[in-house]
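Structure at a glance
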Amino acid sequence: LVLFKSRYEQQLQRYVGQCIETVWDMLKVEAEPSDTIVSSGIGALSAIAATEWPQPPFAEPAALQAMFDGVVLPNLQIRPCDIELFHQEPREYVAKDVEGADTESRRRASTDLIRALRRFQDEKVCEIIVAYVSRLVEQAKVAPPQQAMLCRDAAVHLVIAMAGSSSARSSRTVAAQVIEQFFSAQVAPELNSSLPGDGSVEGAWLLRASCLKFVTVLRGQLPPQCILAVLPSVSRHVIAEHPVVHTYAAICMHVITTVQDPGGPAGKRKSRYEPQVIGPVLSQAVQPMLQTLMHGRGIPQNEHLAKALVAIFTFLGSATADVAVPALQSFVQILGTCSAAGPVNPDYAHDILECIAVIMKIVMPAKAGEVEAILLPFLGHIWERRIEDFMPYCFQIVGLLLDLTPPEQVKPFYADLFKQMFAADLWRAPGNVPALLRLLRAYFVKHQAFSGLIVEGAQLIFERFQFTLGHRKLGHCAFTLLSAVFKYLPFELYRQYFQPALALSCSRLQAKKSTDLEREFALSLFLFLHVHEDQSTLPAAFEQIQPGMFANFLLEVWLPAAKRVVLLQRRKICIFGLTKLMGYREIRENKELLAVCCRSLTGLIRWRGSGILAWAAAFLPLKINGDEPEAGEEFEVPFSRLQSAEIGAPGSHWDPLPEVQDASAGLSMVRAALAPLQPAILELGQAAQPLIDALQPPPQ
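First things first, this report covers the structure right here in the doc. (Residues numbered from 1 in each chain as written. Predicted model: local features only at pLDDT ≥ 70, side-chain atom pairs only at ≥ 80, totals over all residues. Heavy atoms only, no water.)

Of regular secondary structure, the protein chain possesses 37 helices and 2 strands. By sequence separation, contacts in the protein chain at least 24 residues apart represent 74% of the contacts at least 6 residues apart. Summed over all atoms, the accessible surface of the protein chain reaches about 32,200 Å², with 54% contributed by carbon and sulfur. (Helix = DSSP H or I, 4+ residues; strand = E, 2+ residues; numbered from the N terminus. Contact = heavy atoms within 4.5 Å. Areas by Shrake-Rupley, 256 points an atom, 1.4 Å probe, with all protein chains shown as cover.)

The first and last C-alpha atoms of helix α23 (residues 433-445) sit 18 Å apart over 13 residues, in line with the 18 Å expected at 1.5 Å per residue. Three or more residues of α23 are buried, namely Val433, Ala435, Leu436, Leu437, Arg438, Leu439, Leu440, Arg441, Ala442, Tyr443 and Phe444. (Expected span 1.5 Å × (residues − 1). Buried < 20%, exposed > 50% of the residue type's maximum accessible area, 1.4 Å probe, protein only.)

Mapped onto the elements of the fold, methionine 582 is located in the loop between α31 (568-581) and α32 (585-588). Looking at methionine 582, the relative accessible area reads 0%, which means it is buried. Along the primary structure methionine 582 and leucine 593 are separated by 11 residues, whereas in three dimensions their C-alpha atoms are 8.7 Å apart.

Here we take up the environment of leucine 581. Structurally, leucine 581 is set in helix α31. Separated by 13 residues in sequence, leucine 581 and leucine 594 place their C-alpha atoms 9.5 Å apart. Leave out the neighbours within four places in its chain, and leucine 581 touches Leu529, Phe550, Leu554, Trp558 and Ile587.

Interaxial distance between helix α4 (residues 35-49) and helix α8 (residues 106-142) falls to 8 Å at its minimum, and their mutual angle equals 10 degrees. It follows that α4 is roughly parallel to α8 by the angle criterion. Facing Asp35, Val38, Ser39, Ile42, Leu45, Ser46 and Ala49 of α4, the residues of α8 in contact are Arg106, Ala109, Ser110, Asp112, Leu113, Ala116, Leu117 and Phe120. Classifying every residue of the contact of α4 with α8 gives 9 nonpolar, 3 polar and 3 charged. (Axes fitted to C-alpha atoms, helices over the stretch in contact; angles between N-to-C directions. Parallel < 35°, antiparallel > 145°, perpendicular 65-115°, else oblique. Nonpolar A, V, L, I, M, F, W, Y, C, P; charged D, E, K, R; others polar.)

Another aspect to go through is the nonpolar core. Counting 247 residues, the largest nonpolar core has Phe214, Phe331, Trp558 and Met582 as the members making the most contacts within it. Considering each element in turn, this core owes the most residues, 14 residues, to α8. Not counting residues up to four positions away in its chain, the partners in contact with methionine 582 are Ile587, Arg588, Leu594, Cys597, Cys598, Leu601, Leu674, Leu677, Ile681 and Leu691. (Core = buried A, V, L, I, M, F, W, Y, C linked by side-chain atoms within 4.5 Å.)

To continue, consider the packing of helix α28 (residues 515-531) against helix α30 (residues 549-562). Put simply, α28 and α30 touch, their axes get as near as 8 Å, and they point 95 degrees apart. Classified by the angle their axes make, α28 and α30 are roughly perpendicular. Listed contacts from α30 to Glu518, Arg519, Phe521, Ala522, Leu525, Phe526 and Leu529 of α28 are Phe553, Val557, Trp558, Leu559, Ala561 and Ala562.

Scanning all chains against the criterion turns up 28 aromatic pairs. Aromatic side chains phenylalanine 313 and phenylalanine 331 sit 6.4 Å apart centroid to centroid with 70 degrees between the ring planes, which places their arrangement in the edge-to-face category. Highlighted residues: phenylalanine 313 in helix α16 (residues 303-316) and phenylalanine 331 in helix α17 (residues 321-341), separated in sequence by 18 residues. Take phenylalanine 313: its relative accessible area is 1%, and that puts it in the buried class. Plain terms: the ring middles of tyrosine 443 and phenylalanine 450 are 4.9 Å apart, the flat faces sit at 65 degrees to each other, and that makes the pair edge-to-face. Look at tyrosine 443 and you get buried, because its relative accessible area is 0%. Every member of this aromatic cluster is reached through a ring pair, and the members are Phe479, Phe521, Phe526, Phe542, Phe550, Phe553 and Trp558. (Phe/Tyr/Trp six-rings, centres within 6.5 Å; stacked < 30°, edge-to-face > 60°.)

Our focus in this paragraph is unusual backbone geometry. Trans peptide bonds make up most of the peptide bonds, and negative phi angles are found at most residues other than glycine. In this structure, proline 365 follows methionine 364 across a cis peptide bond, with omega equal to 5 degrees. In this fold, proline 365 is placed in the loop between α18 (346-363) and α19 (368-385). Phi is positive for glutamine 301, which is not a glycine, with a value near 50 degrees. With respect to the element layout, glutamine 301 can be found in the loop between α15 (286-294) and α16. A positive phi angle is found at arginine 386, which is not glycine, with a value near 50 degrees. Position of arginine 386 among the secondary structure elements: in the loop between α19 and α20 (391-404). Residue class for arginine 386 comes out partly exposed when judged on its relative accessible area of 33%.

Bringing the pattern of salt bridges into the picture now. Proximity of charged atoms lets side chains of opposite charge pair with each other. Here the structure, examined in full by the defined rule, presents 25 salt bridges. Arginine 91 is paired through a salt bridge with glutamate 303; the nearest N and O atoms lie 3.2 Å apart. Of the two residues, arginine 91 is situated in helix α7 (residues 90-97) and glutamate 303 in helix α16; the sequence distance between them amounts to 212 residues. Between glutamate 190 and arginine 208 there is a salt bridge, with the nearest N and O atoms lying 3.0 Å from each other. You can see glutamate 190 sitting in helix α10 (residues 169-192) and its partner arginine 208 sitting in helix α11 (residues 204-217), a full 18 residues away along the chain. For the pair shown, glutamate 190 and arginine 208 are each scored as buried. Within the structure, one salt-bridge network assembled from shared partners comprises Asp403, Arg438, Arg441 and Glu646. (Salt bridge = Lys/Arg side-chain N within 4 Å of Asp/Glu carboxyl O.)

The next point concerns α20. In this model α20 runs 20 Å from its N-terminal to its C-terminal C-alpha over 14 residues, within 8% of the 20 Å that 1.5 Å per residue would give. Among the 14 residues that make up α20, 14 are buried, leaving the element largely enclosed by the rest of the structure.

Structure follows, in structure tokens:
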């Protein structure tokens, strides 16, 4: 019915009433309908309610009231099987209630129906919900203790459902008032009361979890003073005995750190709650959560507690320096225990390692010695035992450790590691390669401390470049390695491999066209132009491969590939590299090439498509042609990138040009670099006018 309605809405108009009656009868006739039948039936009602019909089927108050009496409220209330799941299978309960795995549950379907009804009958629906909530609260006052808890739980979820988006400003105001009043009268007193004990009424833990969920879901709509008033009580619940309750408390603290408001610097959003304000409360929750993880209480390998710890350390930063090193020791112990015990929850392990990376950035380099003493034995154990689930993480952590270690404190351990990291078995696992390149880049950054090793290993580095370039899945990694070489190593260290690397790259692109590889190669070349001063090196290398190849490659591959660079962080490499290329004799003395470069630079500067495309380029993996698994191919451990394994803000990627962060300043640098070319550009006439306009400073 939902599918038919989505495709043949006009034909269904005559039968909307009959459809509603049929679904209604189905839900009523079944003595004990399954959750799938009920959720599907309510889903059909939601689809009808969310559509604007010539004769609205729910316009009459009686119809709305009947819908709430017969469908919404009965299915919004928690059922005995859900209560059993709450106590017996806490992980599954959390997955359904918080992680969105309850797509076929009655409660989720009822919530969706409320939000669908609000689309066109917002004010009436809000009035009915307010009346129901008041009735449930009054019933709780006179009902037996266990039934009272269930009434209050239903009231909590009714208000949560009411908090959905609404197009009417007046209704949003009404909803906000109801939310705040309900919070003050019901939720806050419940959370502020002492934790339930052994003799508590059955359902007390369930209600406590629902109140924590209320704060979590409505964190953005509740006034800041409400959140600040209840946050200490939320934090106190991390010591709760019930696994669902302490998990919900951790989730609540996690999401509170993510609430943002407009008004930040440079038009960005800012955190609603300052670290110095809520930091003391959040810090008090760190040790109890660590103890829960270390002793395996509650849900085994609870990734939600680990995510909350990542959020707290990231949000508070240096304010956690006093507890960071002991926490680091605990995290290493946790990883050692769970890796020895058997299969590891991958999300849990990832978040624990994320915590380790965040703490490293907080305490280093001031406490580099302590960090190395804690981490190196554990990382060495992973490396020696070749624990494949942890190998990519090991390389990323060691790379970050090397980045954060002052050059004068680099230990011989890193020299020994450099010789081992080119082992063929490590590079045969595709999941290891991006992490190995991250580690290799850390050596390049400190090339002065490892110059002898890098010279000795230059042939191995070139061989790994050749291997990744020819790999079906890892071609883009070859250009990541090439860019790191261009950025950090002196040209003399790789001079003999420069032209062969270009020749191999061109052969790879010629053998099988790949727009992704063309884009990555173009970025590497632009980066080389930006950092290398000798203007004859690159044209000569191309001419050595084939006479006339430089201009042909520039027109056919290089500049067209630059148009496909989406992320602004990478696009600036193209802008500055192309600006420098325009000063090359081969370009500035050739009007045709100079005009093409002007058009390309104009497009790069004026590009504004940083919406969904930039998001996709940032978060979706590179799709190399033919990366689908083939028949009979063995399972390979995928690469899992740590968000904090790079210097900079969490989630940041390697930025080869960190000195350029401001768009206006970058535009000024481009104008200055093009100043010597002004006569040649002006000779192009109208062909250069778009570039001249694009280079104008923005109006004040």
